[in-house]
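# Reading the structure
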Amino acid sequence: MTTPRLTVVPITELEQSAFCQTDGNLRTKTLEEEFRAGVRWQKVPLRYLKLSPEELDRGIAEARQALGDSTIVLGHHYQREDIIKYADFRGDSYKLSKMAAQTRGVRFIVFCGVHFMAETADILTEPSQAVILPNLAAGCSMADMARSDDAEECWNDITSVLGGRPGEVIPVTYMNSTAAIKALCGRNGGLVCTSSNAAEAFKWAYARGKRVLFLPDQHLGRNTGLKLGMPLSDMTLWSPFRPMGGLTPDQIRNTKLILWQGHCSVHTRFTVDQVREAREKHPGVKVVVHPECTMDVVNAADMNGSTEFIVKTVSAAPAGSVWAIGTEINLVSRLAHENPDKTVFCLDPIVCPCATMYRIHPAYLLWVLEGLMAGLIINRIAVPDPTRSEALSALNRMLEVGG
Ligand code: 13P
Ligand code: SF4
């Protein structure tokens, strides 16, 4: 049985709106100026605080040159422009994890993204390769909503209600989760998915079990269940703050999909009203959103998919087409810039970067690259065994399912 616990809102969620602006200015400032946003940052040697964007630029270019083929930089689509321009590869979580798995021979992988992505890259690479996250404060507020011990408790509660027989419930975790939760899935016959392959992962799981426990994003889980034709009445919500998730044993027995009560603070900002306004102002507009948006927003949109899906869809669209996008602002403004023959805008008029992705400031990138030049591996992300090997089985199942 679970015991009641005080409701703790993860600090990163409280900080999520720290970089929201109304003037739409995503220009990089010195790290010292950006510290004024009042969020937690990892301490760096003083000299990196005052370097101007131009000095950082020169320093990073020189370091990359000196490090040569020993080092690659991976960049998630939500990284700011002044980081993504240094990425050897950019992509969504799925593409970047496949990329990491294929980097045999590269000694250092600098992951410009968030903590769970760097952990995944470490699990998918050889022990002789080092994965580096430039700023250790770059977490993910959604991933923080599923603490590993809460997830273990949830799993024990659910399986004890269901009698512990194999095939009663399969655990599936979104990539946006700790390595320990991925390990829980690996150990218990489950797998990892991303927004690129959630439907395939669910089909895989339902071919092996009667129910799915999906962590930590209730919205991706609900949207995926609906995509597969499951009625809402077959789904239930597990609250990590209530004994037994707030559910009765009968509710657990009678459900097909148990959704962990987590969400992304960036994507839950999008509303059906914003979709309506976009359609009123721009007749013929196509609305594409990320499946971390609420069910209502996903239903009101024309299409939904991972960040890579959004990039491919807008890039392949005909000149003159108009696109309203429901995802993180750095990606939306890049798409607008890279598709000057189309009209591309964000559904949300307030410019709100993902505050954790935004913590990868060029000063941190320069710091870790100069560390490598001096023979120091700063901010290595290394997942210990057995978590590593158990999480690897859940990730390998995901890679087999494809996307
Ligand atoms: P993608 O896998 O679509 O890149 O999404 C990752 C993420 O964190 C979205 O908020
Ligand atoms: Fe996490 Fe949301 Fe940021 Fe994605 S956009 S990294 S889910 S907080």
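Residues numbered from 1 in each chain as written. Chains lettered and ligands numbered in written order. Predicted model: local features only at pLDDT ≥ 70, side-chain atom pairs only at ≥ 80, totals over all residues.

### A word on the overall build of the protein
The secondary structure content of the protein amounts to 18 helices and 13 strands. The principal-axis extent of the C-alpha atoms belonging to the protein is close to 60 × 55 × 40 Å. In the protein, which comprises 403 residues, the share counted as buried stands at 49%. In the protein, of all internal contacts separated by at least 6 residues, the share reaching a separation of at least 24 is 70%. (Helix = DSSP H or I, 4+ residues; strand = E, 2+ residues; numbered from the N terminus. Buried ≥ 20, exposed ≤ 12 C-beta atoms within 10 Å, placed from the backbone. Contact = placed C-beta atoms within 7 Å.)

### Describing the packing of helix H10 (residues 198-206) against helix H11 (residues 218-227)
At a closest axis distance of 9 Å, the pairing of H10 and H11 adopts a crossing angle of 70°. One element, H10, and the other, H11, form an angle in the roughly perpendicular class. Note on element contacts: H11 touches H10 through Leu220, Thr224 and Lys227, opposite Ala198, Ala199 and Phe202. Broken down by class, the residue content of the contact of H10 with H11 amounts to 4 nonpolar, 1 polar and 1 charged. (Axes fitted to C-alpha atoms, helices over the stretch in contact; angles between N-to-C directions. Parallel < 35°, antiparallel > 145°, perpendicular 65-115°, else oblique. Nonpolar A, V, L, I, M, F, W, Y, C, P; charged D, E, K, R; others polar.)

### Describing the site of ligand 1
Close contacts around ligand 1 come from His77, Asp92, Ser93, Tyr94, Asn176, Thr194, Ser195, Cys264, His290, Glu292, Ser306 and Thr307, and that covers them all. Taken together, the residues of the shell around ligand 1 break down into 2 nonpolar, 8 polar and 2 charged. (Near = placed C-beta within 6 Å.)

### Focus: the domain arrangement of the protein
Under the domain assignment used here, the protein contains domain 1 (28-139 + 356-373), domain 2 (143-264) and domain 3 (267-346). Relative placement of domain 2 and domain 3: their C-alpha centres are 28 Å apart. Every contact between the two is made by 11 residues of domain 2 and, on the other side, 14 residues of domain 3. Split by residue class, the side of domain 2 that touches domain 3 holds 3 nonpolar, 6 polar and 2 charged. (Domains from an automatic or database assignment.)

### Some words on the sheet that holds strand S12 (residues 322-326)
Consider a sheet: its strands pair through backbone hydrogen bonds, and that pairing is either parallel or antiparallel. Spatial ordering of the open sheet is given by S11-S10-S12-S13, a layout of 4 strands whose pairing is parallel. Unpaired on one side and paired on the other, strand S11 (303-304) and strand S13 (343-346) mark the two borders of the sheet. Pairing analysis gives 4 bridges linking strand S10 (residues 286-289) to S12, with the strands arranged parallel. Within S12, the position partnered with Lys286 by the bridge is Trp323. Lying over the sheet, helix H16 (residues 329-338) contacts S12 and S13, oriented at roughly 165° with respect to S13. (Pairing = 2+ DSSP bridges.)

### Regarding the site of ligand 2
Cys140, Met142, Cys264, Val266 and Cys354 are the nearest of the 13 residues found near ligand 2. Of the residues belonging to the shell around ligand 2, the class tally is 7 nonpolar, 4 polar and 2 charged.

### Focus: the pairing of strand S3 (residues 108-112)
When you tally the buried positions in S3, you get 5 out of 5 residues, the bulk of the element. Side chains Phe108, Val110 and Cys112 project from S3 onto one buried face, and the interleaved Ile109 and Phe111 project onto a second face that is buried too. Summarising the sheet, strand S1 (residues 71-76) and S3 pair through 5 bridges and their orientation is parallel. Along S3, the bridge assignment pairs Val73 with Val110. In the sheet, S3 pairs with strand S4 (residues 130-132) via 3 bridges, with the strands oriented parallel. Bridged to Phe108 within S4 is Ala130.

### So, the environment of Gly245
Structurally, Gly245 is set in the loop between strand S8 (235-238) and helix H12 (249-253). Owing to 24 C-beta atoms within 10 Å, Gly245 belongs among the buried residues under this scheme. With 88 residues separating them along the chain, Gly245 and Asp157 place their C-alpha atoms 8.7 Å apart.

### As for unusual backbone geometry
Trans is the prevailing form of peptide bonds, just as negative phi is the prevailing case for residues other than glycine. Put simply, Leu215 and Pro216 share a cis peptide bond, and its omega is -20°. Relative to the helices and strands, Pro216 resides in the loop between strand S7 (211-215) and H11. Omega for the peptide link from Asp385 to Pro386 comes to 5°, which places this bond in the cis form. Residue placement: Pro386 occurs in the loop between helix H17 (362-373) and helix H18 (387-401). Unusually for a residue other than glycine, Asn379 sits at a positive phi of about 60°. For Asn379, the position within the fold is in the loop between H17 and H18. A residue is classified by how many C-beta atoms lie within 10 Å of it, and Asn379, with 20 of them, is buried.

### Focus on the confidence of the model for the protein
Scored by pLDDT, the protein has a mean of 94; 97% of the residues are at 70 or more. This stretch, residues 1-6, has a pLDDT under 50; its non-local contacts, to residues over four places away or in other chains, come to 9 contacts. (pLDDT = per-residue confidence, 0-100.)

### Description of the pairing of S12
Here is the key point about a regular strand: its side chains alternate between the two faces of the sheet. Taking burial as the measure, the 5 residues of S12 include 4 buried ones, the bulk of the element. Bridging between S12 and S13 involves 4 bridges; their strand directions are parallel. Within the sheet, the bridge partner assigned to Trp323 lies in S13 and is Val344. You can see the chain leave S12, run along H16 and come back into S13, and the turn it takes is right-handed. (Right-handed = clockwise from strand over helix to strand, strands pointing away.)

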